[in-house]
2 protein chains.
Amino acid sequence: MTNVREHVYEPFTEQSVLVYLENKGLITDIEQVTCKEVGDGNLNYVFIVKDLQTDKSLVVKQALPYAKVVGESWPLSLDRARIERQALQEAAKYVPALVPEVFHYDDDYAVTVMEDLSDHVILRKGLLEGNLYPHISAHIGTYLAENLFNASDEALGPIEKKKLARQFVNPDLCDITEKLVFTDPYQNAESNSYPENLQETVKSLWEDDRLIFEVAKLKKQFLTEGETLLHGDLHTGSVFVTEKSTKVIDPEFAFYGPAGFDIGAFIANLTLNYIAQQERADENKRTEISEYLLETIEQTWAVFEKRYRELLLEKGFEERQRTNQYADYVLEKIWQDTLGFAGCKTIRRIIGLAHVEDIDGIEDEAGRLQAQQRAIETGRSLVFNRTVWRSPKSLTAYLKGLAK
Amino acid sequence: MTNVREHVYEPFTEQSVLVYLENKGLITDIEQVTCKEVGDGNLNYVFIVKDLQTDKSLVVKQALPYAKVVGESWPLSLDRARIERQALQEAAKYVPALVPEVFHYDDDYAVTVMEDLSDHVILRKGLLEGNLYPHISAHIGTYLAENLFNASDEALGPIEKKKLARQFVNPDLCDITEKLVFTDPYQNAESNSYPENLQETVKSLWEDDRLIFEVAKLKKQFLTEGETLLHGDLHTGSVFVTEKSTKVIDPEFAFYGPAGFDIGAFIANLTLNYIAQQERADENKRTEISEYLLETIEQTWAVFEKRYRELLLEKGFEERQRTNQYADYVLEKIWQDTLGFAGCKTIRRIIGLAHVEDIDGIEDEAGRLQAQQRAIETGRSLVFNRTVWRSPKSLTAYLKGLAK
């Protein structure tokens, strides 16, 4: 079912990618460009190709047939390049300013050629440097509302939704999420990764049958609820920013799942940053950063909710979807799922395979341990309180209680 | 995305189908067979081909590119022939005795050649003739448990489930169900069909905002919850029976949806028959038939639940799915969905496009009206009480209250 002709595919080099681009007419003179591979080489190559005369540049992203980051050699379908590219193109229909522009693609080579965003910085990195981005909540809230609504049954109706959903069946990458977010952190799995001094906290989590059962329910939702086209991995490392611009990148985990998963991922990563900042930030900047992060959590949901409701009331496929009662119902479900998935996403970043620099980079060992324990406890609270906490205010009030 | 090469396809005639079968080596001598088209011509051709010398026979079912039954000319993808055939083949892996055997298929011609079941009778017809089939609940309960479990995430794990689900994306036929079961009966739609003297009852249903909202929720579940591979149209007209044998036919509506939908469809049709029998059955047989039907409703669920739990505990893909706590959770959800969908299925058969002979065939006009009103009211109770009624006993107690 892959669109990639494996016999054609080969990984590019900094040289061969230029020959390819010239053949496709995407660069005119091989001698007048520079090319640099800047990917981490775990999942993809990322070549930045710059025209020396015009100073214009583009990015060539090529999928590799394995995922070193997950296991020593976890084979991965190259079809994810198609999925990522199509997800970018879907998003460009609704929020073109919030995603990189796609200039060219080639499913045989698992390649997408797109806008170079080297003038942007990864949001996670920017936040860790203590920068505040005032437009993030408006941009990400809008990105979420437009994408999550416009791919739903309520926007597309019976036929178009199913056709689109079929394009985004994504077994390999969903498998990674299922294992690393919902399964492995809750048992003694080989993929787990946490420091020795966290063993006791982790063990008590593995013995928390009530939590494990709630996470099993959330996993079942993730597996079965094909509500809309998700980004699938919307953490702060998937967002490029400048002071004014926001670009959501890397939707290779895109699939039809529960809308709350994307929102939960984003809120979880802001939450992790908040917890980390209590240990990291200068005392005289900590209050400002903390307030900014809590405001961003609240506003991201507020912007999302307002716009999603507008879209549903204006564009709901059926008359009876265009009511506030139905909107309340849909948004309440999304909110509860957001909290539950945010909880799983918070916990996995401490115990599971892939960590976040926010926490791991805390230099003081005692502070780092404290942040790790707080993150796990916050994750637990998010999961347990998902039907109790009625708005982001409940979460931000909880987080305020963790402030230094 | 269809597998049918439209330029090859043409509808067979009683003559051309024999030439086709001879070419494929499925019959040896055209002169020694009889062929009769017995389909209703609304959706499909059904040819029964009988060898005069051996008296062996087979059925050739061919999809037609429209659905006369739905609208004057509602075009329908021929791909449904592939879906039906593959659904039969999936079921044959687990319950070969409960489905017709597939001998040959040809997606270009939208054709499936299968076991002839002319010695069986359609369950709806058998029940209307006053026959009791003692094995129905065991057979259908098993059919439901095996099929609904074995295509689920819990049985197949992350990769195989998604590959199978992709095969069964079925926009055209889901569209029919969505309109005729969840939408049109709840508004003044052209497709509706009900007698003049029911207008008042129907009007009060259209004004029942609480019911309409609950049905909107059930529709959202039908649209988004891809739990397992459903038959998709499991009414008593999709079941062939003899005293000892049960064969589930016609899974062309198959798709990944909520497990309770199939069980609800079957229970709704037994419920409709029960309501009808209060008006139809001879007084001295009515008690026996009524008790049989209530027992069949209870036992179908009991057999399903027992076997589904066994399968989950034995074969659950993950350790934490193989617990009674998780099984309770999954089965409680399926039960609630069963009631809700049974409610929608009951109402649609009175107000919507496609009726059932059980009710429509009641000769006495007052009796027929009474049955129609009771069916609508029962449907409403099923929807409203889906989280209240804890077992089939609640439903059968309700139905006993309707007995003459």
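Because the structure is predicted, anything quoted here is derived from the model rather than measured.

## Some remarks on the nonpolar core
Logical step 1: Core analysis: the biggest nonpolar cluster contains 90 residues, and Ile 136, Tyr 143, Phe 182, Phe 304 and Tyr 308 of chain A have the highest contact counts within it.
Logical step 2: Summarising the domain contributions, this core has at least three residues from each of domain 1 (16–115) and domain 2 (121–400) of chain A.
Logical step 3: Each residue touching Phe 304 of chain A, except ones within four places of it in the same chain, is listed here: Gly 141, Leu 144, Ala 145, Leu 148, Ile 263, Leu 331 and Ile 334 of chain A.
Logical step 4: With 88 residues, the next largest nonpolar core counts Leu 211, Ile 351, Val 383 and Leu 395 of chain B among its residues.

## Brief notes about the UniProt feature "binding site: ATP" (unreviewed entry) in chain A
Residues and elements named next belong to chain A.
Logical step 1: The positions UniProt marks with the feature "binding site: ATP" (unreviewed entry) are Asn 44, Lys 61, Glu 115, Asp 116, Leu 117, Asp 250, Pro 251 and Glu 252.
Logical step 2: Structurally, Asn 44 is set in strand β2 (residues 44–51).
Logical step 3: Dropping the residues within four chain positions of it, Asn 44 is found in contact with Glu 37, Gly 39, Lys 61, Gln 62, Ala 63, Leu 64, Arg 80 and Glu 252.
Logical step 4: A polar atom in the side chain of Asn 44 sits 3.5 Å from the side chain of Arg 80.
Logical step 5: Relative to the helices and strands, Glu 252 resides in the loop between β11 (246–248) and β12 (255–257).
Logical step 6: The class for Glu 252 is buried, based on a relative accessible area of 4%.
Logical step 7: Contacts of Glu 252, omitting those with residues within four sequence positions, involve Asn 44, Lys 61, Arg 80, Ile 83, Glu 84, Asn 170 and Leu 173.
Logical step 8: At 3.5 Å, the side chain of Glu 252 forms a polar contact with the side chain of Asn 44.

## Some words on the environment of Ala 265 of chain A
All names here are of chain A.
Logical step 1: Mapped onto the secondary structure, Ala 265 falls in helix α9 (residues 260–280).
Logical step 2: Among the residues examined, Ala 265 registers a relative accessible area of 0% and is labelled buried.
Logical step 3: Placed 76 residues apart in sequence, Ala 265 and Phe 341 show a C-alpha to C-alpha distance of 6.9 Å.

## So, the relation of the copies chain B and chain A
Logical step 1: Once chain B has been moved 0.0 Å along the axis and rotated by 180°, it coincides with chain A to within an RMSD of 0.0 Å. Both chain copies can therefore be described as sitting about a two-fold axis. Considering only C-alpha atoms, the residue of chain B closest to the rotation axis is Glu 225 of chain B, which sits at 2.3 Å.
Logical step 2: An overlap of 100% is found between the interface residues of chain B and their copies at the interface of chain A, pointing to a shared contact surface.

## Side note on the pattern of salt bridges
When charged atoms on two side chains of opposite charge get close, those side chains can pair.
Residues and elements named next belong to chain A.
Logical step 1: Scanning the entire structure with this criterion turns up 64 salt bridges over all chains.
Logical step 2: Note that Glu 90 and Lys 93 form a salt bridge whose closest N and O atoms lie 3.0 Å from each other. Of this pair, Glu 90 and Lys 93 both sit in helix α2 (residues 79–94), 3 residues apart, roughly one helical turn.
Logical step 3: By relative accessible area, which is 13% here, Glu 90 ends up buried.
Logical step 4: Looking at Lys 93, the relative accessible area reads 55%, which means it is exposed.

## Comments concerning the interface of chain B and chain A
One frequently used descriptor of interface size is the decrease in accessible area upon assembly of the parts.
Logical step 1: Contacts between the two partners involve 36 residues from chain B, matched on the other side by 37 residues from chain A.
Logical step 2: Of all residues in chain B, Arg 166, Lys 220 and Arg 320 of chain B bury the most surface against chain A, accounting for 21% of the area lost on that side.
Logical step 3: At the boundary of chain B and chain A, one finds 6 salt bridges.
Logical step 4: For Glu 318 of chain A, the salt bridge goes to Lys 219 of chain B, with nearest N and O atoms at 2.1 Å.
Logical step 5: Along the contact surface separating chain B from chain A lie 12 residue pairs in polar contact (both at pLDDT 80 or more).
Logical step 6: The leading source of residues in the side of chain B that touches chain A is helix α8 (residues 209–224) of chain B, at 9 residues.

## Let's talk about the packing of helix α4 (residues 136–150) of chain A against α9 of chain A
Residue and element names in this part refer to chain A.
Logical step 1: In the contact formed by α4 and α9, the axes pass within 10 Å of each other and the chain directions differ by 165°. Classed by the angle they form, the pair α4 and α9 counts as roughly antiparallel. For the element pair α4 and α9, the recorded crossing hand is right-handed. Residue-level contacts link Ile 136, Ile 140, Leu 144 and Leu 148 of α4 to Asp 262, Ile 263 and Phe 266 of α9.
Logical step 2: Split by residue class, the contact of α4 with α9 holds 6 nonpolar, no polar and 1 charged.

## Notes on the domain arrangement of chain A
Residue and element names in this part refer to chain A.
Logical step 1: Along its sequence, chain A is carved into domain 1 (16–115) and domain 2 (121–400).
Logical step 2: Here the C-alpha centroids of domain 1 and domain 2 sit 26 Å apart.
Logical step 3: Opposite the 25 residues of domain 1 that make contact, domain 2 presents 26 residues.
Logical step 4: Between domain 1 and domain 2, a total of about 2200 Å² is buried, with carbon and sulfur atoms accounting for 64% of that surface.
Logical step 5: A per-residue breakdown of the area domain 1 buries against domain 2 is headed by Ile 83, Tyr 94 and Leu 98, which together make up 27% of the total.
Logical step 6: Our count for the domain 1 to domain 2 interface comes out at 4 salt bridges.

Calculation criteria
Residues numbered from 1 in each chain as written. Chains lettered and ligands numbered in written order. Predicted model: local features only at pLDDT ≥ 70, side-chain atom pairs only at ≥ 80, totals over all residues. Heavy atoms only, no water. Core = buried A, V, L, I, M, F, W, Y, C linked by side-chain atoms within 4.5 Å. Buried < 20%, exposed > 50% of the residue type's maximum accessible area, 1.4 Å probe, protein only. Domains from an automatic or database assignment. Contact = heavy atoms within 4.5 Å. UniProt positions renumbered as here; feature names shortened; annotations may be inferred. Helix = DSSP H or I, 4+ residues; strand = E, 2+ residues; numbered from the N terminus. Polar contact = N/O pair within 3.5 Å; in protein donor to acceptor, adjacent residues only side chain to side chain. Least-squares fit on C-alpha atoms with pLDDT ≥ 70 in both. Salt bridge = Lys/Arg side-chain N within 4 Å of Asp/Glu carboxyl O. Buried area = accessible area lost by both parts, 1.4 Å probe. Axes fitted to C-alpha atoms, helices over the stretch in contact; angles between N-to-C directions. Parallel < 35°, antiparallel > 145°, perpendicular 65-115°, else oblique. Left-handed = near helix turned anticlockwise from the far one by under 90°. Nonpolar A, V, L, I, M, F, W, Y, C, P; charged D, E, K, R; others polar.

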